[in-house]
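Single-letter residue listing:
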Amino acid sequence: MPTVTAVCISDVKGVIKKPTTEIFVKKNHGIVGDAHAGDWHRQVSLLADESVDKLREKMPNLDAGVFAENILTQGLCLYELPIGTKMRVGEALLSVTQIGKECHNQGCAIKRQTGDCVMPREGIFAEVLEEGTIKSGDEITVIENQ
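## Digging into the nonpolar core
Part 1 of the reasoning: In this structure, Leu-46, Ile-71, Met-87, Leu-94 and Ile-134 are the most contacted members of the largest nonpolar core, which totals 22 residues.
Part 2 of the reasoning: Leave out the neighbours within four places in its chain, and Ile-134 touches Val-4, Val-7, Glu-22, Ile-23, Val-25, Ile-71, Val-89 and Ala-92.

## Some remarks on the pattern of salt bridges
Part 1 of the reasoning: For the structure shown, the criterion picks out three salt bridges.
Part 2 of the reasoning: Linking Asp-34 and Lys-17 is a salt bridge whose minimum nitrogen-to-oxygen distance equals 2.9 Å. Of this pair, Asp-34 sits in the loop between strand 4 (30-31) and strand 5 (44-48) while Lys-17 sits in the loop between strand 1 (3-9) and strand 2 (18-20), and the two are 17 residues apart along the sequence.
Part 3 of the reasoning: Close ionic contact of Asp-138 with Lys-135 constitutes a salt bridge, the shortest N to O distance being 3.3 Å.
Part 4 of the reasoning: Judged by its relative accessible area of 11%, Asp-138 is buried.

## Focus on unusual backbone geometry
Part 1 of the reasoning: For Asn-28, which is not glycine, the phi torsion reads 60 degrees and is therefore positive.
Part 2 of the reasoning: Its location among the elements puts Asn-28 in the loop between strand 3 (22-26) and strand 4.

## A look at the environment of Asn-28
Part 1 of the reasoning: A relative accessible area of 48% places Asn-28 in the partly exposed class.
Part 2 of the reasoning: Between the C-alpha atom of Asn-28 and that of Glu-130, which follows or precedes it by 102 residues, the distance is 9.3 Å.
Part 3 of the reasoning: Residues contacting Asn-28, with those up to four places away along its chain left out, are Gly-38, Asp-39, Gln-43 and Val-128.

What counts and what doesn't
- Residues numbered from 1 in each chain as written.
- Predicted model: local features only at pLDDT ≥ 70, side-chain atom pairs only at ≥ 80, totals over all residues.
- Heavy atoms only, no water.
- Core = buried A, V, L, I, M, F, W, Y, C linked by side-chain atoms within 4.5 Å.
- Buried < 20%, exposed > 50% of the residue type's maximum accessible area, 1.4 Å probe, protein only.
- Contact = heavy atoms within 4.5 Å.
- Salt bridge = Lys/Arg side-chain N within 4 Å of Asp/Glu carboxyl O.
- Helix = DSSP H or I, 4+ residues; strand = E, 2+ residues; numbered from the N terminus.

Here it is, written out as structure tokens:
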């Protein structure tokens, strides 16, 4: 069963997000207390731990939030989910809105050190359809593929 391995937030854009015990997501808003919250299509960012593992060979101490992801997962190939896929994450219902993203400037510190960053290719973004709490250990269930 796919699970949440960490939840992370930051009140400032452009910095590493810090792990926290739980997050609360609101419809038409995103994560309460996170700088990327707002009424837009990238309310919540998710990245698979398996994607981070691809760089842990070069940098073994990559902690949750280092790619500015809100939710780190395990057991689900996120970047293969089609746009519009709905998934239950903890108490919340999310809908996938974007796969990957454009890397800013010369890339993050990890890209500058390793020559690679997985978030632009394998991270995904979602909007909140039903609000609720999400915490480490919560199950992830794919509800619908469109």
